[in-house]
Amino acid sequence: MDTEDTPSGSAAPATPFEWIGGEARVLALTERFYDLMDLEPGYHELRAAHGPDLANARQRLFWFLCGWLGGPSYYTDRFGHPMLRARHLPFPIGIKERDQWVACMDQAMGETGVPDDLRARLKESFYGTADWMRNKGVS
């Protein structure tokens, strides 16, 4: 994302990490995402794929999102390249899981105040990544 002047005359954030509001906002997004997964029946298959304890998944997604959005590289500092598809191969991910993941993240972005323009860009990126990770029901 390029830094450019916004209509108000202020410089646009240099990274999505800055645009979203930094580490505290990424943490709020991650926490809401997993809370929704636990609360909303519409995310049942997605929740079931995560096992009984979400603590590890919460921490890793937070670390990953920080770096992916252009902030601190917590995830890669600990684990190296994310290799998302390889790391998710043990989990059955089909169209339903993909769609639930994207819907849950979109709902979390809406509820945590991610700016609409950024939310639309991220939703598109999340969808592409989630679709690429499908390993169930694909030839």
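See above for the structure.
What you see is a predicted model, and the numbers here were worked out from it, not measured in a lab.

Q: What am I meant to see in the overall build of the chain here?
A: Along the backbone of the chain there are eight helices and zero strands. Ordering the α and β elements of the chain from the N terminus gives α-α-α-α-α-α-α-α. The C-alpha atoms of the chain give 15 Å as radius of gyration, which agrees with the globular expectation for 139 residues (14 Å, within 12%). Overall size of the chain, expressed as C-alpha extent along the three principal axes, is 50 × 30 × 30 Å. For the chain, the residues scored as buried account for 34% of the 139 residues in total. Residue pairs at least 24 apart in sequence account for 62% of intrachain contacts in the chain once pairs closer than 6 positions are excluded. If the 15 positive side-chain charges of the chain are averaged to one point and the 20 negative ones to another, these points end up 8 Å apart.

Q: Explanation requested: the side chain of arginine 134 in the structure shown.
A: Here arginine 134 shows up in the segment after helix H8 (116-132). Looking at arginine 134, its side chain comes within polar contact range of the side chain of aspartate 131, at 2.8 Å. Setting aside its immediate chain neighbours within four residues, arginine 134 contacts Arg85, Ile93, Gly94, Ile95 and Arg98.

Q: Just to check I follow, could you spell out the pattern of salt bridges for this structure?
A: Opposite charge on two side chains makes pairing possible when the charged atoms of those side chains draw close. Enumeration according to the criterion identifies 11 salt bridges in this entry. Where salt bridges share partners, they join Arg98, Asp99, Asp131 and Arg134 into one cluster.

Q: Please clarify how the packing of helix H2 (residues 23-39) against helix H7 (residues 95-111) should be interpreted in this entry.
A: Each pair of packed helices can be described by the angle between their axes along with the distance between the axes. At their nearest, the axes of H2 and H7 sit 8 Å apart, and the two run at 125° to each other. With respect to H7, the axis of H2 lies oblique. Crossing angle aside, the handedness with which H2 passes H7 is right-handed. Between H2, through Leu29, Arg32, Phe33, Leu36 and Met37, and H7, the contact on the second element is made entirely by Trp101, Cys104, Met105, Gln107, Ala108, Met109 and Glu111. Of the residues contributing to the contact of H2 with H7, the split by class is nine nonpolar, one polar and two charged.

What counts as what
- Residues numbered from 1 in each chain as written.
- Predicted model: local features only at pLDDT ≥ 70, side-chain atom pairs only at ≥ 80, totals over all residues.
- Heavy atoms only, no water.
- Helix = DSSP H or I, 4+ residues; strand = E, 2+ residues; numbered from the N terminus.
- Rg over C-alpha atoms; globule rule 2.2 N^0.38 Å.
- Buried < 20%, exposed > 50% of the residue type's maximum accessible area, 1.4 Å probe, protein only.
- Contact = heavy atoms within 4.5 Å.
- Lys, Arg positive; Asp, Glu negative; His and termini not counted.
- Charge placed at Lys NZ, Arg CZ, Asp CG, Glu CD.
- Polar contact = N/O pair within 3.5 Å; in protein donor to acceptor, adjacent residues only side chain to side chain.
- Salt bridge = Lys/Arg side-chain N within 4 Å of Asp/Glu carboxyl O.
- Axes fitted to C-alpha atoms, helices over the stretch in contact; angles between N-to-C directions.
- Parallel < 35°, antiparallel > 145°, perpendicular 65-115°, else oblique.
- Left-handed = near helix turned anticlockwise from the far one by under 90°.
- Nonpolar A, V, L, I, M, F, W, Y, C, P; charged D, E, K, R; others polar.

Function cannot be inferred from these measures alone, as they are strictly geometric.
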